[in-house]
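Residue-level listing of the chains:
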Amino acid sequence: MPKSPQSHLDPRQPLVVDTTKLPRQPGATRALNRVVPAPADLGLELISVPSGSDLTLDMSMTSVSEGVYVSGTATGSLTGECGRCLNEIDKSFVVSIAELFAYADSTTEETTDSDEVGRMQGDLLDLEPAIRDAIVLMLPTNPLCRPDCPGLCPDCGVHFDDLPADHSHEEIDARWAALRNLSNNKE
């Protein structure tokens, strides 16, 4: 998971978690349940989590020898438009999160690349990169309003659901257009 360059974490940010009350002995666990505003630009071109909408975090933090293991789910809503018919999409999502945040000076600094494992700054950890990665990776690049969406008629642009079953457009091959005119003149 790519991490942004570490800067000083602000404990007032909604996705920055203070682990001071989590004992550093392996196996110690604390619940992490909160509703936070979704960060900006959380999604893809056609579908995303609205900025500032509620993200519900239902997670647990567990001390392990190398750091803090955070696991659980993030729940929220998605908005966008269908890639076939351009109708609006409004639906909810649930995504699983499982991420290790290593203590400073743990052996993970020697055994992993800097972008493989989240890093803690003192007792603070930033959940935003893990949540962003989990949500963006589960989003479809071509979202559909429903699995059987028929899309739009390529000739007239009307939604196929709104057209009669026998809808069609007369296609005239330009190479035969002159002959068609001849047959119309005989009648």
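Residues numbered from 1 in each chain as written. Predicted model: local features only at pLDDT ≥ 70, side-chain atom pairs only at ≥ 80, totals over all residues. Heavy atoms only, no water.

A. Examining the overall build of the protein chain more closely. Secondary structure summary: the protein chain contains three helices and nine strands in total. Listing each helix as α and each strand as β along the protein chain from the N terminus yields β-β-β-β-β-β-β-α-β-β-α-α. Among the 187 residues that make up the protein chain, the fraction classed as buried is 32%. In the protein chain, once contacts between residues fewer than 6 apart in sequence are set aside, the share between residues at least 24 apart is 60%. (Helix = DSSP H or I, 4+ residues; strand = E, 2+ residues; numbered from the N terminus. Buried < 20%, exposed > 50% of the residue type's maximum accessible area, 1.4 Å probe, protein only. Contact = heavy atoms within 4.5 Å.)

B. Region of the structure containing the nonpolar core. In this structure, Leu127, Ile131 and Ile135 are the most contacted members of the largest nonpolar core, which totals 35 residues. Every element with two or more residues in this core is listed here: strand S2 (29-37), strand S4 (47-49), strand S5 (54-64), strand S6 (67-81), strand S7 (88-102) and helix H2 (128-138). If one sorts the elements of this core by residue count, S7 sits on top with five residues. Excluding residues that lie within four positions of it along the chain, Ile135 makes contacts with Leu42, Val49, Leu55, Phe93 and Val95. (Core = buried A, V, L, I, M, F, W, Y, C linked by side-chain atoms within 4.5 Å.)

C. Looking closely at the packing of aromatic side chains. The final tally for this structure, using the stated rule, is zero aromatic pairs. The ring of Tyr103 has Arg24 lying over it, and the distance from NZ or CZ to the ring centre is 4.0 Å. (Phe/Tyr/Trp six-rings, centres within 6.5 Å; stacked < 30°, edge-to-face > 60°. Lys NZ or Arg CZ within 6 Å of the ring centre and 35° of its normal.)

D. Broad picture of a negative patch on the surface. On the surface, Glu45, Glu81, Glu88 and Asp90 cluster together into a patch of negative charge. Turning to its location among the elements, Asp90 is positioned in strand S7. (Patch = residues over 30% accessible without salt bridge, like charges linked within 9 Å, V, L, I, M, F, W, Y side chains within 5 Å. Areas by Shrake-Rupley, 256 points an atom, 1.4 Å probe, with all protein chains shown as cover. Salt bridge = Lys/Arg side-chain N within 4 Å of Asp/Glu carboxyl O. Lys, Arg positive; Asp, Glu negative; His and termini not counted. Charge placed at Lys NZ, Arg CZ, Asp CG, Glu CD.)

E. Quick peek at the pairing of S7. By the bridge criterion, 15 bridges tie S6 to S7 in an arrangement that is antiparallel. Residue Thr79 lies in a different strand from S7, and its bridge partner there is Asp90. Where S7 lies against strand S8 (residues 118-119), two bridges are found, and the strand directions are parallel. Looking across to S8, one finds that Ala102 is bridged to Arg119. (Pairing = 2+ DSSP bridges.)

F. How the structure looks around the environment of Cys153. When you line up the elements, Cys153 lands in the loop between H2 and helix H3 (177-186). Each C-alpha atom of the pair Cys153 and His167 lies 9.2 Å from the other, and the pair is 14 residues apart in sequence. If near-sequence neighbours (up to four positions away) are discounted, Cys153 is found in contact with Val158, Phe160, Leu163, His167 and His169.

G. Molecular detail of the pattern of salt bridges. Evaluation of the coordinates by the stated rule reveals four salt bridges. The partner of Asp123 in a salt bridge is Arg24, and the shortest N-O contact between them spans 3.3 Å. Of this pair, Asp123 sits in the loop between S8 and strand S9 (124-126) while Arg24 sits in the loop between strand S1 (16-18) and S2, and the two are 99 residues apart along the sequence. You can call Arg24 partly exposed: its relative accessible area is 47%. For Arg132, the salt bridge is made with Glu128, and the minimal N-O distance between the two is 2.8 Å. Of the two residues, Arg132 and Glu128 both sit in helix H2, four residues apart, roughly one turn of that helix. Overall, Arg132 belongs to the partly exposed group, its relative accessible area being 22%.

Keep in mind these values describe shape, not function.
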